[in-house]
Amino acid sequence: MRVLVAAFAEVPSLGFESEAATEVAKALEAWCDVELFTPMVDAGAHLEAFHGGRLHRIAVPAAEGAKGAAAAFRRGLERQLESAAWDAVHVFSPVEGRLLADRLPPGVPLVYQPQPIPSLLARLGAPDKEWLTRLAADEAVLVERASAIVLHEAADASALRYRRRLPPHVVLAEPVDLDAYHWEKLVPGSSPIVLVLDPGLDEPDLASLDEALGTIPGAVVWRLELGAAVLHADSSPAPASLTSWFAGGADRAVPLRLAARAALNSADVVVAAHPNAPEGVQVATSCRRWGILQAAACRRSLVVADCAGFPIPAGLVEHVFPYPARDRTAMAGLVRSVLFHPAKAIQVAERARRQVETRHAAADFRRRLRSIYAGLLGDEPGLPRPAPVRLERTP
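Residues numbered from 1 in each chain as written. Predicted model: local features only at pLDDT ≥ 70, side-chain atom pairs only at ≥ 80, totals over all residues. Heavy atoms only, no water.

(A) Summary view of the overall build of the chain. Broken down by element type, the chain carries 13 helices and 14 strands. Taking all 395 residues of the chain together, 56% fall into the buried category. A separation of at least 24 residues holds for 68% of the contacts in the chain among residues at least 6 apart in sequence. Of the roughly 16,500 Å² of accessible surface on the chain, 52% is carried by carbon and sulfur atoms. (Helix = DSSP H or I, 4+ residues; strand = E, 2+ residues; numbered from the N terminus. Buried < 20%, exposed > 50% of the residue type's maximum accessible area, 1.4 Å probe, protein only. Contact = heavy atoms within 4.5 Å. Areas by Shrake-Rupley, 256 points an atom, 1.4 Å probe, with all protein chains shown as cover.)

Encoded structure:
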């Protein structure tokens, strides 16, 4: 059997759609021939983080913005559809998802795993309202055609722009590959490192954030720019591209892992800032949730902006240190308290890690996803039938 996984997201990248697409390929690779099709903005992106299936990437013109990238993605998808007869298709984004809904034969299952506006658009630039209106109409068709919908949280059902009756759906939390994390405890260095997850802050916000964190004695502030995958560190006068970390060409020692995870491992406190996204275009949601989950998996103390529209992942609300959105004074006070009370910080970080293990383990995600496909395609050959996953039907 052949399964096409289409994701309008760079793989690997700093967004949970990248993590989820990789886990879908891992889940199905021993059962089906899996082809993962994604855009590629950075031709030098390192692929050490990808395992499972075959990865096909189509170059997209970053200079032409969202429309040009979507057009290039559509042309590549058309070639994929013409290249083989597919037994199932798994799609992550309404970007050109209507093409799949229109072109697939009626008997081919289409699984839709809706994401926020893809984080890749943070690099390409926010699209205009006319383009977003067309995207919402395309998603309506995609939802209507879907054989099953995979939601990350139950509340995501109301977040769909197409709010009529949902086809059968199931809730699977975003996967986190816990095998990538082996750090047992916080190890303070000579100076505490505060890592800011920047989902797209403007200059005034950055200035006020730096001013607030500058009041903490001895703290070193790093900033991980999630959309552009760039690390800004005090020790370096220029930002370091994560691709150079991947290749081992950085001017400092970095563990041989994803560079973003290496940065998380180096931090004593992680601050998830309030996204500065245009109203209605939440391009930062995916990256911010990815950063929160990965920091929790690293047992890092999390100071998180509590803001409407950008919720803290379910299960972690009680295991982070929230502060009112844009209240920099409260944020700096929490960071200072965490640094000066490490015993409490470690306890809270450990509870957050256990929540990620319980709710977001990638192995459980893969098992439950296989059960969905077993219901759509038939039993997995040579394997016992997995525990059933009930698909919810809206009355």
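(B) Structural context of unusual backbone geometry. Positive phi, normally seen in glycine, also occurs at Glu-96, with a value near 60 degrees. Relative to the assigned elements, Glu-96 resides in the loop between strand 4 (88–91) and helix 3 (97–103). On the accessibility criterion, Glu-96 (8% relative accessible area) is buried. Of note in the backbone geometry, Arg-299 takes a positive phi value of approximately 60 degrees without being a glycine. Along the polypeptide, Arg-299 turns up in the loop between helix 10 (285–297) and strand 13 (301–306). Judged by its relative accessible area of 12%, Arg-299 falls in the buried class.

(C) Expanded view of the packing of aromatic side chains. What the rule picks out here adds up to 2 aromatic pairs. Ring centres 5.3 Å apart and planes at 70 degrees place the aromatic pair Phe-8 and Phe-73 in the edge-to-face group. Here Phe-8, found in the loop between strand 1 (2–6) and helix 1 (16–28), pairs with Phe-73, found in helix 2 (residues 65–83); they are 65 residues apart in sequence, far enough to count as distant. Measuring from ring centre to ring centre gives 5.4 Å for Phe-37 and Phe-73, while their planes differ by 25 degrees; the resulting arrangement is stacked. Highlighted residues: Phe-37 in strand 2 (residues 33–40) and Phe-73 in helix 2, separated in sequence by 36 residues. The burial state of Phe-37 is the same as that of Phe-73; both residues are buried. Three or more aromatic residues link up through ring pairs in this structure, and these residues are Phe-8, Phe-37 and Phe-73. (Phe/Tyr/Trp six-rings, centres within 6.5 Å; stacked < 30°, edge-to-face > 60°.)

(D) Molecular detail of the pairing of strand 6 (residues 148–151). Side-chain alternation along strand 6 places Ala-148 and Val-150 on one buried face and Ile-149 and Leu-151 on a second face that is also buried. Here strand 5 (residues 110–112) pairs with strand 6 via 2 bridges, running parallel. Within the sheet, the bridge partner assigned to Tyr-112 lies in strand 6 and is Ile-149. With 3 bridges joining them, strand 6 and strand 7 (residues 169–171) adopt parallel strand pairing. The partner of Leu-151 across the bridge, within strand 7, is Val-171. (Pairing = 2+ DSSP bridges.)

(E) Spotlight on helix 1. Under the 1.5 Å per step criterion, the end-to-end length of helix 1 is 18 Å for 13 residues, consistent within 8% with the ideal 18 Å. Counting buried residues in helix 1 gives 13 out of 13 residues, a clear majority hidden from the surface. (Expected span 1.5 Å × (residues − 1).)

(F) The arrangement of the pattern of salt bridges in detail. Applying the stated rule across the entire model yields 18 salt bridges. A salt bridge links Arg-74 to Glu-96; the nearest nitrogen and oxygen atoms lie 3.0 Å apart. Of this pair, Arg-74 sits in helix 2 while Glu-96 sits in the loop between strand 4 and helix 3; the two residues are 22 residues apart in sequence, bridging distant segments of the chain. Since its relative accessible area comes to 31%, Arg-74 is described here as partly exposed. (Salt bridge = Lys/Arg side-chain N within 4 Å of Asp/Glu carboxyl O.)

So yeah, pure geometry; function would need other evidence.
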